[in-house]
Amino acid sequence: MRADRLVAALLLMQARGRVTAAELASELEVSVATARRDLEALSTAGIPVYPQPGRGGGWELLGGARTDLSGLTAAEAQALFLLVGPAAAVAPEAKAALRKLVQALPQTFRADAQAAAEATVIDPSRWGEHSKQTPIAVRTLQTAVVRRLKVRLTYSGRERVIDPWGLVNKDDIWYLIAGTGQGRRTFRVDRIATVEVTAEPADRPGDFDLSAVWDEVVQQMEERRSTVETRVLVETRFVPILRDQFGRHCEVEADLPDGRSRVRLAAHLPIGIAQHLAGWGALVEVIDSGPVKAELARLGRELVDRYS
């Protein structure tokens, strides 16, 4: 007997006041016999649930209590469904869970919760691009993280056993944070060749905070990606486009009287900056960094030689 079914049964009784075994079976997608056994198990366990015989009968909580077991306020319910709604459009499990959650809410919350669930659609693909497929290994790794089991995987041609701590989706690219014999490591999931969940319990630090650890990973990666910097002059109105290209490595240092801005740009290598700026032509002027100027000049010569 699964604990989530029992909680769902309690939520339904809290929201509706009374449910029949058939109604519960329909909502939880189980047989009527299973639903009846769940209700009887709640009663046996000491939960004040009792059957009401006859026409219009069913199972209800002692005293007809109708309070929301989850403790959600109307605003909290809307926030939850705004978050879960987009996931329900692509994941059958999320859709089923959403339907059950709506039914478990008090009647006065349901209309707004349903509207919130349908208010947002998330399309992660850029214009002109196909939607990225979630790596098959993600579901396996999620199971391992939740159950806290070690994983055997092949990565960069090497097999290893790791402790999976958490998964992160950044710009539709999945990463696994894990413990290894050499300490904490970050694995790009689409580069994992094979993955197998073992029966061995995984070790995970008691104070592990996935969000905080990921912030550290991002900071380390961004520092490695910004070892070369240069300053450019560009019309202030074009600064947002530069920001879109360079992200956090684009910083406005000053707005000048002539309508231009002095902007600091950074990347891992000079060619990384030059490749972005080459398409700007004379709209951007590099005012320092000889290596970036040299790369721009080289790219210009290549283009002239090819197309002149």
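Residues numbered from 1 in each chain as written. Predicted model: local features only at pLDDT ≥ 70, side-chain atom pairs only at ≥ 80, totals over all residues. Heavy atoms only, no water.

Trainee: Outline the packing of helix α10 (residues 270-278) against helix α11 (residues 290-307), supporting the account with residue identities and numerical values.
Mentor: At their nearest, the axes of α10 and α11 sit 8 Å apart, and the two run at 50 degrees to each other. It follows that α10 is oblique to α11 by the angle criterion. Two packed elements cross with a definite hand, and for α10 against α11 that hand is right-handed. On α11, the residues touching P270, I271, I273, A274, Q275, L277 and A278 of α10 are P291, V292, E295, L296, R298 and L299. Looking at the contact of α10 with α11 residue by residue, the classes come out as ten nonpolar, one polar and two charged. (Axes fitted to C-alpha atoms, helices over the stretch in contact; angles between N-to-C directions. Helix = DSSP H or I, 4+ residues; strand = E, 2+ residues; numbered from the N terminus. Parallel < 35°, antiparallel > 145°, perpendicular 65-115°, else oblique. Left-handed = near helix turned anticlockwise from the far one by under 90°. Contact = heavy atoms within 4.5 Å. Nonpolar A, V, L, I, M, F, W, Y, C, P; charged D, E, K, R; others polar.)

Trainee: Report on the sheet that holds strand β5 (residues 173-180), specifying residues and quantitative values.
Mentor: Overall, antiparallel pairing links the five strands, which are arranged β6-β5-β4-β3-β7 in an open sheet. Here the strands that pair on one side only, and so sit at the sheet edges, are β6 (183-188) and β7 (192-201). Ignoring which end each strand starts from, the neighbouring axes of this sheet average 45 degrees apart. Pairing analysis gives six bridges linking strand β3 (residues 149-155) to β7, with the strands arranged antiparallel. Each residue of the ladder has a partner; that of T154, found in β7, is T194. Lying over the sheet, helix α8 (residues 210-224) contacts β4 (158-170), β5 and β6, oriented at roughly 75 degrees with respect to β6. (Pairing = 2+ DSSP bridges.)

Trainee: Pulling in residues and values, what's your account of the nonpolar core?
Mentor: With 17 residues, the main nonpolar core has V232, V234, L242, L265 and L277 as its most contacted residues. Secondary-structure elements contributing two or more residues to this core are β8 (228-235), α9 (239-246), β10 (260-267), α10 and β11 (284-286). Excluding residues that lie within four positions of it along the chain, L265 makes contacts with V228, E229, T230, V232, L242, F246, H249, C250, I273 and L277. (Core = buried A, V, L, I, M, F, W, Y, C linked by side-chain atoms within 4.5 Å. Buried < 20%, exposed > 50% of the residue type's maximum accessible area, 1.4 Å probe, protein only.)

Trainee: Describe the sheet that holds strand β9 (residues 250-255), and please don't skip the residues or the numbers.
Mentor: Spatially, β9-β10-β8-β11 is the arrangement adopted by the four strands of the open sheet, whose pairing is antiparallel. Each end of this open sheet is capped by a strand with a single partner; those strands are β9 and β11. Here the strands of the sheet are splayed against their neighbours by 30 degrees on average, with no regard to which way each runs. In terms of strand pairing, β8 meets β11 through three bridges, oriented antiparallel. Counted as the bridge partner of L233 is E285 from β11.

Trainee: Run through unusual backbone geometry, naming residues and quoting values.
Mentor: Of note in the backbone geometry, D172 takes a positive phi value of approximately 65 degrees without being a glycine. Secondary-structure assignment places D172 in the loop between β4 and β5. In this structure, S289 is a non-glycine residue whose phi angle is positive, near 65 degrees. Summarising the element assignment, S289 is placed in the loop between β11 and α11.

Trainee: With reference to specific residues and values, describe the pattern of salt bridges.
Mentor: Applying the stated criterion to the full structure yields 18 salt bridges. When the shortest N-O distance is used, the salt bridge between E229 and R264 registers 3.2 Å. Of this pair, E229 sits in strand β8 while R264 sits in strand β10, placing them 35 residues apart in sequence. The exposure class assigned to E229 is partly exposed, which follows from its relative accessible area of 38%. Taken together, the shared-partner salt bridges in this structure form one network comprising E229, R231, E251, E253, R262, R264 and D288. (Salt bridge = Lys/Arg side-chain N within 4 Å of Asp/Glu carboxyl O.)

Trainee: Got a sec to walk through the packing of helix α2 (residues 21-28) against helix α3 (residues 32-44)? Specific residues and values, please.
Mentor: It is at 8 Å that the axes of α2 and α3 come closest, and there the two elements cross at 110 degrees. Here α3 runs roughly perpendicular to α2, going by the angle between their axes. Of the residues in α3, those in contact with A21, A22, L24 and A25 of α2 are V32, A35, R36 and L39. Taken together, the residues of the contact of α2 with α3 break down into seven nonpolar, no polar and one charged.

Trainee: An account of the side chain of T230 is needed here, citing residue identities and associated values.
Mentor: Note on placement: T230 falls in strand β8. With sequence-adjacent residues up to four places away left out, T230 is seen in contact with V263, R264, L265, I273, V286, D288, S289 and V292.

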